[in-house]
Amino acid sequence: AQSVTQLDSHVSVSEGTPVLLRCNYSSSYSPSLFWYVQHPNKGLQLLLKYTSAATLVKGINGFEAEFKKSETSFHLTKPSAHMSDAAEYFCVVSWGNNAGNMLTFGGGTRLMVKP
Amino acid sequence: DAGVTQSPTHLIKTRGQQVTLRCSPKSGHDTVSWYQQALGQGPQFIFQYYEEEERQRGNFPDRFSGHQFPNYSSELNVNALLLGDSALYLCASSHIIQGQGQETQYFGPGTRLLVL
């Protein structure tokens, strides 16, 4: 069975400081992993995805994530936070078969950015 | 190029009623998945439709059913509504490449359902 744990429900940073959102996964085989962002009253937007091509994945808006198999982690980072980064972030694992994939979401991390 | 669209944006129903939510996939996509997102939680997978058939299903009761049309659009139906069905219902579309699996899922803005 696949599962995802986001280690922090809330993270607060000051504008211009680094962002770290932590995610651990459990997967019985090589997973596909994603980070999605959800702004208030909006749908989910894909930030980045890992599909075994490279362990360091670069996404949109300056975000990146590193896949560490030995630690079963897929933490999301950004060097410098911007006010517009304030949102809910979801770490997601994809699993299934050639008939289709299901996404299993973590509980989410709410990122707050202080001026 | 329009992304994934959903209608209506908001809906209010009473317990015991039935509701139908609609989704149009992104151009070029042939697969539609539905998710339920309760307040303060991550989305949970309901089911997925491909080639007009339900291909995968999450842990939801039979009150939740769906349909996919030849133009790939989809409906989610919920019967005998309960208060606990109040949530944001998200539709995601993707494309399946035969022998290679499914590409990334892209989400619509969702339909917010309130059951009174």
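Structure first, text after, so check above.
What comes next concerns the included structure. (Residues numbered from 1 in each chain as written. Chains lettered and ligands numbered in written order. Predicted model: local features only at pLDDT ≥ 70, side-chain atom pairs only at ≥ 80, totals over all residues. Heavy atoms only, no water.)

A short note on the overall build of chain A
Each helix and strand counted, chain A has 0 helices and 12 strands in total. Since a compact globule built from 115 residues should have a radius of gyration of about 13 Å, the 14 Å found for chain A is in line with a globular shape. Referenced to the eigenvectors of the C-alpha coordinate spread, the extents of chain A come out at roughly 45 × 30 × 20 Å. Counting only residues that meet the buried cut, chain A has 43% of its 115 residues in that class. Intrachain contacts of chain A at a sequence separation of at least 6 include 55% that bridge at least 24 residues. (Helix = DSSP H or I, 4+ residues; strand = E, 2+ residues; numbered from the N terminus. Rg over C-alpha atoms; globule rule 2.2 N^0.38 Å. Buried < 20%, exposed > 50% of the residue type's maximum accessible area, 1.4 Å probe, protein only. Contact = heavy atoms within 4.5 Å.)

Some details on the packing of aromatic side chains
Taken as a whole and assessed by the stated rule, the structure comprises 14 aromatic pairs over all chains. Geometrically, the ring pair formed by Tyr36(A) and Phe105(A) is tilted, given 6.2 Å between the ring centres and 40° between the ring planes. One end of the pair, Tyr36(A), is in strand β5 (residues 32-38); the other, Phe105(A), is in strand β11 (residues 100-105), and 69 residues separate them in sequence. Across the pair, Phe105(A) and Tyr36(A) agree in class, each one buried. Among the aromatic residues, ring-to-ring pairing joins Phe34(A), Tyr36(A), Phe90(A), Phe105(A), Tyr35(B), Phe45(B) and Phe107(B) into one connected group. Lying across the ring of Tyr106(B), Lys26(B) places its NZ or CZ 5.8 Å from the centre. (Phe/Tyr/Trp six-rings, centres within 6.5 Å; stacked < 30°, edge-to-face > 60°. Lys NZ or Arg CZ within 6 Å of the ring centre and 35° of its normal.)

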